[in-house]
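Chain by chain, the residues run as shown.
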Amino acid sequence: MNIEYVKSVIRNVPDFPKPGIQFKDITTALKDPKALSFMIDHLYEYYKDKGITKVAGIESRGFIIGPALAARLGAGFVMIRKPGKLPADTIQKSYALEYGEDTIEMHKDAIGENDVVLVHDDLLATGGTALAALELVQEVGAKSVLVNFLIELAFLDGTARLSSAEDVYAMIKY
Ligand SMILES: O=P(O)(O)OC[C@H]1O[C@H](OP(=O)(O)OP(=O)(O)O)[C@H](O)[C@@H]1O
Ligand SMILES: Nc1ncnc2[nH]cnc12
């Protein structure tokens with residue numbers, strides 16, 4: 001079992017959700033028991049000695065591997081959600097999309113100044129979503145912030161926008 005195997009079971013769906021987009025569909029990797037456990041094991045090995053105290057997953061595909069990885073690391077899990085879903089006091093960040101704008105939010109008390117936070121999502125494209133999440137976690141005063149993706153669309157150079165993170169790691173690159 002290796003990264004190439006996981007890559008081989010990620011389905012490419014052309015022209016979804018609109019013409020010209022090559023959609024990387026992780027459902028075919030998640031339903032494969034060997035690929036699912038490999039992804040969690042591999043990320044655990046990468047992060048186990050980095051002192052992570054919280055994994056912050058981005059809705060919704062960051063809510064799949066994120067909590068499993070957090071449990072393996074002995075860390076807590078924090079939800080970064082689309083607006084209007086979190087019940088207590090939140091901090092928000094808006095960011096540009098290809099067309100228009102989107103907002104994410106997190107509970108203000110989700111992270112403290114002693115936390116080493118791993119922001120996790122399934123995929124890095126332009127980096128707008130991840131940058132907004134990184135800034136949210138930095139603004140609430142985390143000690144340091146690392147960022148992780150299962151997949152990076154490297155040709156879009158989203159990592160360039162995440163230079164204020166301690167570390168950025170994507171398991172699979174296209
Ligand atoms: O790097 P970016 O250009 O910001 O794009 C990446 C984001 O887009 C996808 O989420 P989507 O908005 O499709 O939501 P979902 O996870 O709920 O499917 C993906 O899961 C990332 O969160
Ligand atoms: N090409 C893509 N595949 C899957 N999710 C995405 N989110 C943004 N771009 C994507």
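Predicted model, so just to flag it, every value in this text is computed and none were measured. (Residues numbered from 1 in each chain as written. Chains lettered and ligands numbered in written order. Predicted model: local features only at pLDDT ≥ 70, side-chain atom pairs only at ≥ 80, totals over all residues. Heavy atoms only, no water.)

Every second residue of strand β5 (residues 90–96) is oriented toward a common face, the buried set being I91, K93 and Y95 and the non-buried set T90, Q92, S94 and A96. Note: β5 against strand β6 (residues 101–107), seven bridges, orientation antiparallel. Bridge pairing in β6 links S94 to T103. Connecting β5 to the antiparallel partner β6 that follows it, the hairpin turn spans four residues, and G100 within it adopts a positive phi of roughly 95 degrees. (Buried < 20%, exposed > 50% of the residue type's maximum accessible area, 1.4 Å probe, protein only. Helix = DSSP H or I, 4+ residues; strand = E, 2+ residues; numbered from the N terminus. Pairing = 2+ DSSP bridges.)

As a further point, take the side chain of T103. If you trace the backbone, T103 turns up in strand β6. Taking the relative accessible area as the measure of exposure, T103 reaches 15% and is therefore buried. A polar contact is formed between the side chain of T103 and the side chain of S94, at a distance of 2.9 Å. Beyond its immediate chain neighbours, meaning those up to four positions away, T103 contacts R81, K82, P83, Q92, K93, S94 and Y95. (Polar contact = N/O pair within 3.5 Å; in protein donor to acceptor, adjacent residues only side chain to side chain. Contact = heavy atoms within 4.5 Å.)

Attention now goes to the sheet that holds strand β3 (residues 54–58). Pairing is parallel across the open sheet formed by five strands, whose spatial order is β4-β3-β7-β8-β9. Since the sheet does not close on itself, it has two edges, and those belong to β4 (76–80) and β9 (167–173), each with one partner. On average, each strand axis in the sheet is inclined to that of its neighbour by 20 degrees, with strand direction left out of account. Two strands pair when backbone bridges link them, and strand β7 (residues 116–124) and strand β8 (residues 144–152) are joined in this way by eight bridges, in the parallel orientation. Residue V116 lies in a different strand from β8, and its bridge partner there is S144. Running at roughly 150 degrees to β9, helix α3 (residues 33–47) makes contact with β7, β8 and β9 of the sheet. (Axes fitted to C-alpha atoms, helices over the stretch in contact; angles between N-to-C directions.)

Okay, the site of ligand 1 next. All residues in the neighbourhood of ligand 1 are listed as E59, S60, R61, K82, D121, D122, L123, A125, T126, G127, G128 and T129. For ligand 1, an oxygen atom lies 2.7 Å from a polar atom in the side chain of S60. Take D121: an N or O atom from its side chain is 2.5 Å from an oxygen atom of ligand 1. Considered on its own, ligand 1 offers 510 Å² of accessible surface; in the complex 73% of this is hidden by protein. (Near = heavy atom within 4 Å. Areas by Shrake-Rupley, 256 points an atom, 1.4 Å probe, with all protein chains shown as cover.)

This structure, assessed with the given rule, holds nine salt bridges. Residues D115 and K54 are paired through a salt bridge, measuring 2.8 Å at the closest nitrogen-oxygen approach. Placement of D115 in the loop between β6 and β7 and of K54 in strand β3 is noted, with a sequence separation of 61 residues between them. For D115, a relative accessible area of 10% corresponds to the buried category. Measuring nitrogen to oxygen at the nearest pair gives 3.1 Å for the salt bridge that ties K173 to E152. In this pair, K173 sits in strand β9 while E152 sits in strand β8, placing the two residues 21 residues apart along the sequence. A relative accessible area of 45% places K173 in the partly exposed class. When its relative accessible area of 7% is taken as the criterion, E152 is described as buried. (Salt bridge = Lys/Arg side-chain N within 4 Å of Asp/Glu carboxyl O.)

So far we have only geometry, and geometry alone does not tell us how the molecule works.
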